[in-house]
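# Examining the three-dimensional arrangement
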Amino acid sequence: MAEGGSAQEEEEAAQVSRGSGLCKWFNVRMGFGFLSMTTRDGVTVEPPVDVFVHQSKLHMEGFRSLREGEPVEFTFKRSSKGLESLRVTGPEGAPCQGSDRKSKGSQKRRSKTDRCYNCGSPGHHAKECQLPPQPKKCHFCQSLLHMVALCPLRAQQRAVAVEAEAEESQGPEHLEHTEMD
């Protein structure tokens, strides 16, 4: 059995090829895209061939993505769906550069984790806070007497906003009627 396993491993290794090219496109939100392979195992490919890439295969720190037109080197194999990358790097094995655009989901998450829920200070999380547990307070007005769901200032601000919106939706006809009365 050991020989059969090693023969299978050798066969799989033989199916893995090396390629290089450019990022054709990459959807930052979905985390996948396609590479345009221009060389395969050192031989020029004409016309370029598409190779699927998933963000989990990118060699880089932090948020993993590719920029359109970014030069890449990669290993790939043929799968039931076509050519699929196994490991993607920048030129000469360097980390990928990535896209300047970040996923909208990561931006939302980042803003929520920027502050400590215990003391409200930026730069650390509640589990790392040096202060003892603080009393719970309203996130809107910082009062210790109520939570945000029951905040009178927030309710007042919402009522003013609703009233202003109602006046806007009635339009200029509303103003003419009030001037005549």
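Predicted model, so just to flag it, every value in this text is computed and none were measured. (Residues numbered from 1 in each chain as written. Predicted model: local features only at pLDDT ≥ 70, side-chain atom pairs only at ≥ 80, totals over all residues. Heavy atoms only, no water.)

### A few points about the overall build of the protein
Formally: Helix numbering and strand numbering both begin at the N terminus, where a helix is a DSSP run of H or I of at least 4 residues and a strand a DSSP run of E of at least 2. Relative accessibility thresholds used throughout: buried, under 20% of the residue-type maximum; exposed, over 50%; partly exposed, between the two (1.4 Å probe, protein chains only). Contacts are residue-level and defined by heavy atoms, with any inter-residue pair within 4.5 Å sufficient.
The secondary structure content of the protein amounts to 3 helices and 5 strands. Counting from the amino terminus, the protein carries its helices and strands in the arrangement α-β-β-β-β-β-α-α. Expressed as a percentage of its 181 residues, the buried residues of the protein come to 23%. Put simply, of all contacts in the protein between residues at least 6 apart along the chain, 44% involve residues at least 24 apart.

### Considering the side chain of threonine 75
In this structure, threonine 75 sits in strand 4 (residues 71-79). Residue threonine 75 is classed as buried on the basis of its relative accessible area, which comes to 17%. In contact with threonine 75, not counting residues within four places along its chain, are Val16, Ser17, Arg18, Glu84, Ser85, Leu86 and Arg87.

### Topic: the UniProt feature "domain: CCHC-type" (unreviewed entry) in the protein
Definition in use: UniProt positions are given in the numbering used here, feature names are shortened, and annotations may be inferred rather than shown by experiment.
Summarizing the sequence annotation, UniProt attributes the feature "domain: CCHC-type" (unreviewed entry) to residues 115-129 in the numbering used throughout. Across residues 115-129 one finds 0% helix and 0% strand; the C-alpha atoms that close the span lie 10 Å apart.

### A word on a negative patch on the surface
Rules: The residues that make up patches have over 30% relative accessible area and no salt bridge, and they are joined within 9 Å when like-charged or within 5 Å when they are Val, Leu, Ile, Met, Phe, Trp or Tyr. Accessibility throughout is a Shrake-Rupley quantity obtained with a 1.4 Å probe, and a residue counts as covered only by protein chains that appear here. A pair is scored as a salt bridge if a Lys or Arg side-chain nitrogen falls within 4 Å of a carboxyl oxygen belonging to Asp or Glu. Under this rule, positive means Lys or Arg and negative means Asp or Glu; His and the chain ends count for nothing. A single reference atom marks each charge: NZ on Lys, CZ on Arg, CG on Asp, CD on Glu.
Together, Glu163, Glu165, Glu167 and Glu168 make up a negatively charged patch on the protein surface. In this fold, glutamate 165 is placed in helix 3 (residues 152-180).

### Points about the state of the cysteines
What counts is decided by this rule: Only a pair of cysteine sulfur atoms within 2.5 Å qualifies as a disulfide here.
This structure, assessed with the given rule, holds 0 disulfides. Of all cysteine sulfurs in the structure, the one in cysteine 96 sits closest to cysteine 23, which takes part in no disulfide; the separation is 9.2 Å. We classify cysteine 23 as buried; its relative accessible area is 3%.

### Observations concerning the packing of aromatic side chains
We count it as follows: Pairing of aromatic rings covers Phe, Tyr and Trp, the last through its six-membered ring, and needs centres within 6.5 Å; plane angles under 30 degrees mean stacked, over 60 mean edge-to-face, and all others mean tilted.
Scanning the model with the defined rule gives 5 aromatic pairs in all. Ring centres of phenylalanine 34 and phenylalanine 52 lie 5.7 Å apart, and the angle between their planes is 75°; on these two criteria the pair is classed as edge-to-face. Within this pair, whereas phenylalanine 34 is found in strand 2 (residues 32-40), its partner phenylalanine 52 is found in strand 3 (residues 43-54), the two being separated by 18 residues in sequence. Of the residues examined, phenylalanine 34 reaches a relative accessible area of 25% and is grouped as partly exposed. One aromatic cluster in this structure is built from Trp25, Phe32, Phe34 and Phe52.

### As for the pairing of strand 5 (residues 82-89)
Consecutive residues of a regular strand have side chains that alternate between opposite faces of the sheet. Here is the rule we go by: DSSP-based pairing: two strands are paired if at least 2 bridges between them are found.
When strand 4 meets strand 5, the two strands line up antiparallel, connected through 7 bridges. Bridge assignment links lysine 77 to a residue of strand 5, and that residue is glutamate 84. Between strand 4 and strand 5, which pair antiparallel and follow one another directly, the connecting turn spans 2 residues.

### A few points about the side chain of serine 36
Along the polypeptide, serine 36 turns up in strand 2. On the basis of relative accessible area, serine 36 is assigned to the buried category, the value being 17%. For serine 36, the residues in contact, after removing those within four places along its chain, are Ser20, Gly21, Leu22, Lys24, Pro48 and Val49.

### Thoughts on the pairing of strand 4
Direction of pairing for strand 1 (residues 17-27) relative to strand 4: antiparallel, over a ladder of 6 bridges. Looking at the pairing, glycine 19 lines up with phenylalanine 74 of strand 4.

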